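# Survey of secondary and tertiary structure
Listed below, chain by chain, are the residues.
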Amino acid sequence: MIFIEDNFLNKEDCIYLKQLAEENRETADSYNDIHTLNLHKLNLKKTVQMGHKLSNNISMRGILAYPELMQITIWPTETEQSVHVDETRDSTNFTSITYLNDDYTGGETYFTNGINIKPKQGKTVFFDGKRYQHGVKRITDKERFVLATWYTNDINNVYYKWQN
């Protein structure tokens, strides 16, 4: 199942997360010029609330899922990702990607089943990342920021415990 929700996060939340990533860029992990900021390291109440909102959206569709890991990913220009499935923990049962900006060219998320998603600020794509092969088209003129979230259906096996 792949489902897409426009305006899942509002503009202010997207701007907040993008600024959070920019302000914490030096603490982000890097892999092939792509930077990932693990939000659990920051333990901010607002990001925890966003995690609950994501989880509630999935559960309304009959899928039990708790945020396992939330990352803001910064994709520099001239980067892309080839077709892959998510290599996750055994307990991971779902994935989502939320676009935090759309002021760049390229960067579409595509699936081998023919679905192609054009980035739009606030849009969230929910899918089983271990099942659906997907990739990211080349980004050509500005950085792409996304909130990537992985979920588990086992509350006792979450990547980290959510703080209140």
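As a reminder, the structure under discussion sits directly above these lines.
Just so you know, these numbers come straight off a predicted model, no measurement behind them.

### Re the sheet that holds strand β10 (residues 134-136)
- Taken in spatial order, the four strands of this open sheet run β5-β10-β7-β8, and their pairing is antiparallel. The sheet is open, and its two borders are formed by β5 (81-84) and β8 (116-117), each paired with just one other strand.
- Pairing analysis gives two bridges linking β5 to β10, with the strands arranged antiparallel. Pairing of His 84 across the sheet is with His 134, part of β10.

### As for unusual backbone geometry
- For Asn 7, which is not glycine, the phi torsion reads 55° and is therefore positive.
- Its place among the elements puts Asn 7 in the loop between β1 (3-5) and α1 (11-23).
- The exposure class assigned to Asn 7 is exposed, which follows from its relative accessible area of 52%.

### What to know about α1
- End to end, α1 covers 18 Å across 13 residues, agreeing with the expected 18 Å (1.5 Å per residue, within 8%).
- Regarding α1, the residues found buried are Asp 13, Cys 14, Leu 17, Leu 20 and Ala 21. Around the axis of α1, the buried residues are gathered within 125° of arc, so they sit on the same side. The exposed residues of α1 that point more than 90 degrees off its buried face are Lys 11, Glu 12 and Glu 23.
- Contact partners of the buried residues in α1: β3 (34-38), α2 (45-59), β4 (66-75), β6 (92-99) and β11 (144-152).
- Put simply, Asn 10 is the residue that caps the front of α1, since its side-chain oxygen is 3.1 Å from the backbone nitrogen of Glu 12.

How each quantity is defined
Residues numbered from 1 in each chain as written. Predicted model: local features only at pLDDT ≥ 70, side-chain atom pairs only at ≥ 80, totals over all residues. Heavy atoms only, no water. Pairing = 2+ DSSP bridges. Helix = DSSP H or I, 4+ residues; strand = E, 2+ residues; numbered from the N terminus. Buried < 20%, exposed > 50% of the residue type's maximum accessible area, 1.4 Å probe, protein only. Expected span 1.5 Å × (residues − 1). Arc of directions from axis to C-beta. Contact = heavy atoms within 4.5 Å. Polar contact = N/O pair within 3.5 Å; in protein donor to acceptor, adjacent residues only side chain to side chain.

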